[in-house]
Amino acid sequence: MAKEKIIRTLAKDTVRKIGEKVKLQGWADTIRDHGKITFIDLRDRSAIVQCVGSKLPKITKESVVEIIGKVVNRPEKLVNKDLSTGTVEIKIDSLKVLSPAKEIPLPLDGDGLEIEESVRLKYRYLDLRRGRMNKNLRLRSKTTQFIRNWLTARDFVEIETPILTKTTPEGARDFIVPSRLQPGKFYALPQSPQQYKQLLMVAGFERYFQIARCFRDEDPRADRAYGEFTQLDLEMSFVKQEEILFLTEKLFTELVKEIFPHKKITKSPWPRISHKDAMKKYGVDKPDLRKNKKDKDELAFAWIVDFPLFVKQTKDDFFHGAGAKYAPSHHMFTAPHPDDIGLLDKAPMKVRGLQHDMVLNGHEVGGGSIRIHQPKIQNKIFELIGFTEKQKKQFEHMLTAFSYGVPPHGGIAPGIDRLLMVILGEPSLREVMAFPMTAGGSTAVMDAPSNPAKEQLKELGIKISKK
Ligand code: ASP
């Protein structure tokens, strides 16, 4: 007789298969050897289920195993309320080790926050087996999926923009990548898709979004990742600031309701506070408006508007003209308030920008603006931030594009990592990213940056000089 073939059952489905013979595949989460009888908690992507047998081969924790056995109800008093499969167990007929695991170098039970982070990042593929991390990444996937569906249903088009590009300044240092085909020249990784999304408005898409990777070479903090992070980047044509705020507020209110139903939004509609009032009342431009800061399920969203268009330029403004007085407080494509255009010449620091920041529990989780669409005003801003002719030339394509019919437009870019960090109450962005960099700028697991081969440098015409 041909050997009976059973297809795989997921752990979560065992509760519906009482009395049946099932085949489970997964990891040996815990092993309790009581001599005569051994308990193995088998974990797969769906759940954990208890399996029990005797005279089993020796196995190690976290090995990948295949178990065939019969699903039985547990006696009433042995039901485990903490497991979704706690009413059943599997009586093991056979156990096969598909791949043995060496001793795991870090504990995987518990939240792992007490473990040295360099160890967690070196073995990130193990750290991600941890229940909390696994859950965070699944919620992240649900979040981006919700956003995609929601915006697509409202006529938005998802468009990818280049990673190897020219500088798109957001006030940080660029990462640069050498070109082999044009030796001596470099691409810059985008600090955001800002210019491309504006060009897509010139192209007539009217409603664009992208779950976009952004690259900024700036010092890391708990709420600022080093290197790269992800934004929901969106842009709309023929809109007023009000419409951007309304749409974004609706999107995130519905998202919280659907994906984080136990979270409570403190106030709806979200409070709108002018930058001036926020500074006066709270001393910061991202106030924490939670009623009870100890309540981990409270989400206090707010909008901050009417920012000054400029801040005083400092030595740390990488791309601006040397010695110029003004730097954009958001970025150089943000439109001045129409009532303040006259002040651009007389009193630039008094000009308000049509900028909006989205704030959550004291964190800035997104920013955006209505954009300049008149080449003359754009030029004026370039001058005020002290651009040389050469620097202006770097952005000439924008002015050229705007000379062929550009709709008035604006948008916003909420940070996905930061939003999730705050909503989930995690202490750092790295807790919601699969493979984040260390604070020292090394990648998880693979330990980049690394030395290129001599031949690579030669091909690029690059010599490394010792500092
Ligand atoms: N590009 C901006 C940023 O990264 C967002 C925007 O203005 O839409 O902050």
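Here's what I pulled together on the structure shown here. (Residues numbered from 1 in each chain as written. Predicted model: local features only at pLDDT ≥ 70, side-chain atom pairs only at ≥ 80, totals over all residues. Heavy atoms only, no water.)

**Side note on the overall build of the chain**
Stage number 1. The helix and strand tally for the chain stands at twelve helices and 19 strands.
Stage number 2. Projecting the C-alpha coordinates of the chain onto the three principal axes gives extents of approximately 90 × 60 × 45 Å.
Stage number 3. Looking at the chain as a whole, 48% of its 467 residues qualify as buried.
Stage number 4. The contacts in the chain between residues at least 6 apart in sequence include a share of 65% that link residues at least 24 apart. (Helix = DSSP H or I, 4+ residues; strand = E, 2+ residues; numbered from the N terminus. Buried < 20%, exposed > 50% of the residue type's maximum accessible area, 1.4 Å probe, protein only. Contact = heavy atoms within 4.5 Å.)

**Quick word on the pairing of strand S10 (residues 227–237)**
Stage number 1. Counting buried residues along S10, ten of its eleven residues qualify, which places the element largely inside the surrounding structure.
Stage number 2. Bridge count for S10 against strand S19 (residues 409–414) is four bridges, and the pairing is antiparallel. Within S19, the position partnered with Ser237 by the bridge is His409. (Pairing = 2+ DSSP bridges.)

**Considerations on the site of the ligand**
Stage number 1. Around the ligand, the structure places 14 residues, and the nearest of them are Glu170, Gln194, Lys197, Gln231 and Arg371.
Stage number 2. Ser192 has a polar side-chain atom sitting 3.1 Å from a nitrogen atom of the ligand.
Stage number 3. Here the ligand has 270 Å² of accessible area as a free molecule, and 94% of this is covered by the chains.
Stage number 4. Among the elements of the structure, helix H4 (194–202), strand S18 (363–370) and S19 are those that each provide at least two residues to the shell around the ligand.
Stage number 5. For the shell around the ligand, the leading source of residues is S19, giving three residues.
Stage number 6. For the shell around the ligand, the class distribution of residues is two nonpolar, eight polar and four charged. (Near = heavy atom within 4 Å. Polar contact = N/O pair within 3.5 Å; in protein donor to acceptor, adjacent residues only side chain to side chain. Areas by Shrake-Rupley, 256 points an atom, 1.4 Å probe, with all protein chains shown as cover. Nonpolar A, V, L, I, M, F, W, Y, C, P; charged D, E, K, R; others polar.)

**Structural notes on the side chain of Asp41**
Stage number 1. Relative to the assigned elements, Asp41 resides in strand S2 (residues 37–43).
Stage number 2. A distance of 2.8 Å separates the side chain of Asp41 from the side chain of Thr30, its partner in a polar contact.
Stage number 3. In this structure, Asp41 is in contact with Trp27, Ala28, Asp29, Thr30, Arg32, Ile48, Val49 and Gln50, ignoring residues within four places of it in sequence.

**Examining the packing of aromatic side chains**
Stage number 1. Under the defined criterion, the tally for this structure stands at nine aromatic pairs.
Stage number 2. For the ring pair Tyr123 and Tyr125, a centre distance of 6.4 Å and an interplane angle of 75° mean the geometry is edge-to-face.
Stage number 3. Relative accessible area serves as the criterion here: at 23%, Tyr123 is assigned to the partly exposed category.
Stage number 4. By relative accessible area, Tyr125 is classed as partly exposed at 44%. (Phe/Tyr/Trp six-rings, centres within 6.5 Å; stacked < 30°, edge-to-face > 60°.)

**Overview of the nonpolar core**
Stage number 1. Counting 63 residues, the largest nonpolar core has Leu151, Leu232, Leu234, Phe252 and Phe260 as the members making the most contacts within it.
Stage number 2. Once you skip the residues sitting within four places of it in the chain, Leu232 turns out to touch Ile147, Leu151, Phe209, Gln210, Ile211, Leu251, Phe252, Ile412, Ala413, Pro414 and Ile416.
Stage number 3. Counting residues in hydrophobic clusters, the runner-up holds 17 residues, among them Val22, Cys51, Val65 and Val71. (Core = buried A, V, L, I, M, F, W, Y, C linked by side-chain atoms within 4.5 Å.)

**Description of the side chain of Asp340**
Stage number 1. Here Asp340 is to be found in the loop between strand S16 (326–328) and helix H7 (343–346).
Stage number 2. For Asp340, the side chain forms a polar contact with the main-chain nitrogen of Arg352, separated by 2.8 Å.
Stage number 3. Discounting chain neighbours no more than four positions away, the residues touching Asp340 are Lys350, Val351 and Arg352.

**Examining a nonpolar patch on the surface**
Stage number 1. Together, Tyr125, Phe435, Val445 and Met446 line one region of the surface with nonpolar side chains, adding up to about 470 Å² of accessible area.
Stage number 2. For Met446, the location among the structural elements is in the loop between helix H11 (416–424) and helix H12 (454–460). (Patch = residues over 30% accessible without salt bridge, like charges linked within 9 Å, V, L, I, M, F, W, Y side chains within 5 Å. Salt bridge = Lys/Arg side-chain N within 4 Å of Asp/Glu carboxyl O.)

**Things to note about helix H8 (residues 375–384)**
Stage number 1. Of the positions making up H8, those classed as buried are Ile377, Gln378, Ile381, Phe382 and Leu384. Taken down its axis, H8 places every buried residue within 165° of arc, on the same side.
Stage number 2. Check the buried side of H8 and you find it contacts strand S15 (310–312), S16, H7, helix H9 (389–393) and helix H10 (396–402).
Stage number 3. Backbone geometry just after H8 places Gly386 at a positive phi near 80°. (Arc of directions from axis to C-beta.)

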